[in-house]
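# A closer look at the structure
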Amino acid sequence: LRPQHLSGLEMIRDLCDGKLNGGEIGSTEITFTPGKIKGGMHIADTKTAGSVCLLMQVAMPCVLFAASPSELHLKGGTNAEMAPQIDYTVMVFKPIVEKFNFTFNCDIKRRGYYPQGGGEVVVQMSPVKELSPINLTERGTVTKIYGRAFVAGALPIKLAKDMSAAAVRCIRREIRDLYISIQPVREPDDQAVGTGSGIIIVAETSTGCLLAGSSLGKRGKNADKVGIEAAEMLLQNLKHGGTVDDSLQDQLIIFMALAKGVSRVKCGPITLHTQTAIHFVEQLTKAKFTVTKSEEDDPSNDTYIIECQGMGMINPNL
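Keep in mind the model is a prediction, meaning the values are calculated, not measured. (Residues numbered from 1 in each chain as written. Predicted model: local features only at pLDDT ≥ 70, side-chain atom pairs only at ≥ 80, totals over all residues. Heavy atoms only, no water.)

### Things to note about the overall build of the protein
Along the backbone of the protein there are seven helices and 15 strands. Its C-alpha atoms give the protein a radius of gyration of 20 Å, near enough to 20 Å, the size a compact globule of 318 residues would have. Dimensions of the protein along its principal axes, counting C-alpha atoms only, are 55 × 50 × 35 Å. Residues counted as buried form 49% of the 318 residues belonging to the protein. Looking at the protein as shown, the accessible area adds up to about 14700 Å², and 53% of this sits on carbon and sulfur atoms. (Helix = DSSP H or I, 4+ residues; strand = E, 2+ residues; numbered from the N terminus. Rg over C-alpha atoms; globule rule 2.2 N^0.38 Å. Buried < 20%, exposed > 50% of the residue type's maximum accessible area, 1.4 Å probe, protein only. Areas by Shrake-Rupley, 256 points an atom, 1.4 Å probe, with all protein chains shown as cover.)

### Observations regarding the packing of aromatic side chains
Pairs of aromatic rings are described using the distance from one ring centre to the other and the angle between the two planes. Counted by the stated rule, this structure contains six aromatic pairs. Here the aromatic rings of F93 and F104 are separated by 6.4 Å at their centres, their planes lie at 55°, and the arrangement is tilted. Highlighted residues: F93 in helix α3 (residues 86-97) and F104 in strand β5 (residues 104-112), separated in sequence by eleven residues. Here F93 matches F104 in class, with each residue buried. Ring geometry for Y113 and F150: centres 6.2 Å apart, planes at 25°, overall stacked. Pair noted here: Y113 is in the loop between β5 and β6 (119-125) and F150 is in strand β8 (residues 142-152), with a separation of 37 residues, a long-range link. Here Y113 falls in the buried class, since its relative accessible area comes to 3%. These aromatic residues form a ring-pair network of at least three members: F93, F100, F102, F104 and F255. (Phe/Tyr/Trp six-rings, centres within 6.5 Å; stacked < 30°, edge-to-face > 60°.)

### Digging into the UniProt feature "active site" (unreviewed entry) in the protein
The UniProt entry lists H273 under the feature "active site" (unreviewed entry), expressed in the numbering used here. Considering the arrangement of structural elements, one finds H273 in helix α7 (residues 272-284). Taking the relative accessible area as the measure of exposure, H273 reaches 56% and is therefore exposed. (UniProt positions renumbered as here; feature names shortened; annotations may be inferred.)

### Describing the sheet that holds strand β3 (residues 40-45)
Spatial ordering of the open sheet is given by β3-β4-β6-β5-β10, a layout of five strands whose pairing is mixed. Where the open sheet ends on each side, the last strands, each with one partner, are β3 and β10 (192-193). Direction of pairing for β5 relative to β6: antiparallel, over a ladder of six bridges. Residue pairing for β6: D107 is matched across the bridge by V122. Packed onto the sheet, helix α1 (residues 3-15) meets β3 and β4 (70-76) and runs at close to 165° relative to β3. Against the sheet, α3 touches β5 and β6, its axis set at about 170° to β5. (Pairing = 2+ DSSP bridges. Contact = heavy atoms within 4.5 Å. Axes fitted to C-alpha atoms, helices over the stretch in contact; angles between N-to-C directions.)

### A look at unusual backbone geometry
The step from Y114 to P115 runs through a cis peptide bond, and the omega angle for that step is 0°. Relative to the helices and strands, P115 resides in the loop between β5 and β6. For K47, which is not glycine, the phi dihedral falls at a positive 55°. Within the secondary structure layout, K47 lies in the loop between β3 and α2 (52-63). We note that N101 has phi near 85°; this positive angle belongs to a residue other than glycine.

### Looking at the state of the cysteines
Per the stated rule, a full pass over the model turns up zero disulfides. The thiol of C106 is unpaired, and the distance to the nearest cysteine sulfur, on C53, comes to 7.5 Å. Among the residues examined, C106 registers a relative accessible area of 15% and is labelled buried. In this structure C308 is not part of a disulfide, and its nearest cysteine sulfur, from C267, lies 13 Å away. (Disulfide = S-S within 2.5 Å.)

### Overview of the pattern of salt bridges
Taken as a whole and judged by the stated rule, the model has 17 salt bridges. For R148, the salt bridge identified is with E187, shortest N-O distance 3.0 Å. Placement of R148 in strand β8 and of E187 in the loop between β9 (180-186) and β10 is noted, with a sequence separation of 39 residues between them. E187 matches R148 in its accessibility class, with the two residues each being buried. The partner of R186 in a salt bridge is D189, with the nearest N and O atoms 3.3 Å apart. A network of salt bridges, in which partner residues are shared, links D87, R111, R148 and E187. (Salt bridge = Lys/Arg side-chain N within 4 Å of Asp/Glu carboxyl O.)

### Here we look at the packing of α2 against α3
Between two packed helices, the angle of one axis relative to the other and the distance separating the axes together describe the packing. Interhelical geometry of α2 versus α3 gives an angle of 45° and a closest axis separation of 8 Å. For the element pair α2 / α3, the angle class is oblique. Residues V52, C53, M56 and M60 of α2 form the contact with α3, whose participating residues are I86, T89 and F93. (Parallel < 35°, antiparallel > 145°, perpendicular 65-115°, else oblique.)

### Observations regarding the nonpolar core
If you look at the biggest cluster of nonpolar residues, it comprises 55 residues, and the most contacted ones within it are F100, F102, F104, L131, L252 and F289. Of the residues forming this core, the biggest block, eight residues, is contributed by α2. The residues touching F102, leaving out its near neighbours within four places in the chain, are M60, L64, V97, M125, V128, L131 and F255. Within the second largest apolar cluster, 24 residues are counted, among which are A160, I171, I175 and A223. (Core = buried A, V, L, I, M, F, W, Y, C linked by side-chain atoms within 4.5 Å.)

Shown next as structure tokens:
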């Protein structure tokens, strides 16, 4: 276990009056016995740059089936490598996951960057009786592309402008006639801890799909390169013809499994994260997944349909 895994487990334990054995950093085995999910106010602090977005992923399926509303104060890194950036969570994950018929509020109090973290996000969420299935199979056409390139701490706004300009140039090579707006921003000093930079670019389609590309700056990495990386990631996600990007695939699996009815999502090549999520969800619930190559598409497109017969979890508290 790493610090953010442990913080996540401890938060779930507290949310449901559960018992946790083997909960220490470096542990390779835990035993967890859940109790009743009560909701309420909880604080989870990785004390590192461990991702607040991963803490949110851990908590969300639980608080949806709690007895009362929850307010989670999540502390750690908001824009960290190997995890969704908070901007992605707010701009892409939130609007899509709310299609399962729930809503949540996510307030970014402070941003925190690698290595010290120190960010804080407050998530407020009310429980639901049950989740509705989703059907995301129509991509539609891209209608707009927007995003934000940010710097914080000791970095000049020029870096954000360079990231943005490089990203726009890169997208323009493939997509000529679309309006692209990537805002360069300097995070206010009282709302950011440490020094960091990065970019997120979102493409919105006529059917309401949202696909993104993002990248983080680090010491010695040229700002243009950061912008181009995010742009190429977005273009790659647009190329496969799916309705969700590679980062969202695995994050939807648990909600599809809990929902009542059949969910269908069209995506690009199935990631290892998604395969793992499906494997574990099928072990833990009665949900059944099938993954098939999408036939109606151009055969050169690597598109798949993930279909799930959800278990139809009912909140016993409501």
